Amino acid sequence: MILKPYAADPSHTIGRQYNETKSKFRNDFQRDRDRIIHSSAFRRLEYKTQVFVNHEGDMFRTRLTHSLEVSQISRGIARTLHCHEDLAEAIALAHDLGHTPFGHAGQDSLNACMKDFGGFEHNLQSLRVVDLLEQRYADFDGLNLTFETREGILKHCSLKNARNLGEVGERFIKKQQPSLEAQLVNHADEIAYNNHDIDDGCRSGVLEFKALMDVTLFRECAELVKKDYPDIDETKRIHEIIRRIMYKSISDICETSSYHLEETKPKTIDEIRKLPKLVSFSDEMAQKQLELKKFLRCFLYEHKRVVQMTNNAKEIVKDLFEYFINNQSMMPESYQNELTTDLARSVADYLAGMTDRYAIKTHKDIS
Ligand code: MG
């Protein structure tokens, strides 16, 4: 790992909320990553819906495999840009820890339930998991991660929420950027889901190859594959196309961002925070990514079969919320107002932490 001076530096971290003795063998970002991997919220990602609900099939992405793919892409980009790979990895592995069961349907439903209690947002919840909800250490609640990892986890945030978050919320008030490592993980997330959703969408039969050919980036890569392998079988063809889309997307990010770094010559991570966002696609590629996203929204996320799968989920989350608001003693002890004095928030914490199957089972138990 060759680092440039603008990379995050674990030996100069802004620090942890609670002081701890340094580790002899691991830097602070490695330590963050390890804490995330050992957390119970991380393990539960295995049984949380990405797009296809967990029990639809064993081949589809879950939040866990999605997070692993984001981390792999992030590390590659971080290394190319001479940023800190360990920090990028830690942020990537933690970025979805706050997701509810049942993907976006679950989040929308919980947000509606929390309308009068400050709302629910998965991104804010990821920070809440690592700051408060994980119960592993005698000396503090949460995982006591470094500022840099927490900064990266908090991708976006309303001004109102930012004011209650202390140091980590300040950049939204000052309209500043996070580290390059955090910036690149956002794009790695986007690259990961665009591509694995094409893959899962095709495998499920929801997406059709013919329709995908209307998407510029897909068509360009499909034509390359056709030229190289005119008689390739269907399964291999789609993977050859996807790997080309990924290669093009990642190369574009690396080249465009390197150019921005060359132009602005930032010397420290503090300069990075004050400059405009430096990690980005070229304008042309950004346009193509947007086209692909719009296609996926229209033909996959809003497809009747996908919507049907998650519709039921909305009801489950709503029922569970109402039940536990009225029966707080039925929640595990740690959620019974111990961590917060806000009952609705405790219920939301409990529900958000559930896996798909645990939510379904609990729903059966209470009905
Ligand atoms: Mg994600």
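Here's a quick rundown of the structure. No experiment lies behind these values; they were computed from the predicted model shown. (Residues numbered from 1 in each chain as written. Predicted model: local features only at pLDDT ≥ 70, side-chain atom pairs only at ≥ 80, totals over all residues. Heavy atoms only, no water.)

As for the packing of helix α3 (residues 63-80) against helix α4 (residues 85-94)
How two helices pack is summed up by the angle between their axes together with the distance between the axes.
Alright, step 1. Where α3 meets α4, the closest approach of the two axes is 8 Å, and the angle between their N-to-C directions is 160°. Between α3 and α4, the crossing angle belongs to the class labelled roughly antiparallel. Here α3 and α4 pass one another in a crossing that is right-handed. Along its contact with α3, which presents Ser 67, Leu 68, Val 70, Ser 71, Ser 74, Arg 75, Ala 78 and Arg 79, the element α4 presents Glu 85, Ala 88, Glu 89, Ala 92 and Leu 93.
Alright, step 2. Along the lines of polarity and charge, the residues of the contact of α3 with α4 split into 6 nonpolar, 3 polar and 4 charged. (Axes fitted to C-alpha atoms, helices over the stretch in contact; angles between N-to-C directions. Helix = DSSP H or I, 4+ residues; strand = E, 2+ residues; numbered from the N terminus. Parallel < 35°, antiparallel > 145°, perpendicular 65-115°, else oblique. Left-handed = near helix turned anticlockwise from the far one by under 90°. Contact = heavy atoms within 4.5 Å. Nonpolar A, V, L, I, M, F, W, Y, C, P; charged D, E, K, R; others polar.)

Concerning the side chain of His 196
Alright, step 1. Examined against the element boundaries, His 196 turns out to sit in helix α10 (residues 180-204).
Alright, step 2. A relative accessible area of 1% means that His 196 is categorised as buried.
Alright, step 3. Excluding its chain neighbours within four sequence positions, the residues that come into contact with His 196 are Gln 50, Arg 61, His 66 and Glu 69. (Buried < 20%, exposed > 50% of the residue type's maximum accessible area, 1.4 Å probe, protein only.)

What about the layout of surface pockets?
Alright, step 1. In this structure, the largest pocket occupies an estimated 970 Å³ of space.
Alright, step 2. What lines the largest pocket is a set of 40 residues, and nearest its centre among them are His 104, His 122, Tyr 193, Arg 297 and Tyr 301.
Alright, step 3. Mapped by element, the contributors of at least two residues to the lining of the largest pocket are α3, α5 (103-113), α9 (170-174), α10, α15 (283-301) and α16 (304-326).
Alright, step 4. Broken down by element, the lining of the largest pocket gets its largest block of residues, 7 residues, from α10.
Alright, step 5. Of the residues contributing to the lining of the largest pocket, the split by class is 9 nonpolar, 16 polar and 15 charged.
Alright, step 6. Counted as a void, the second largest pocket has a volume near 520 Å³.
Alright, step 7. What lines the second largest pocket is a set of 17 residues, among which Gly 118, Gly 119, Leu 124, Asn 161 and Arg 345 lie closest to the centre.
Alright, step 8. Looking at the lining of the second largest pocket, the elements with two or more residues in it are α6 (122-133) and α8 (159-162).
Alright, step 9. Here the element with the most residues in the lining of the second largest pocket is α6; it accounts for 3 residues.
Alright, step 10. Split by residue class, the lining of the second largest pocket holds 4 nonpolar, 8 polar and 5 charged. (1 Å grid on protein atoms, 1.4 Å probe; cavity = no way out; pocket = protein on both sides within 12 Å on 5 of 7 lines; lining within 4 Å. Points joined across faces, edges and corners; volume = space filled by probe spheres on them.)

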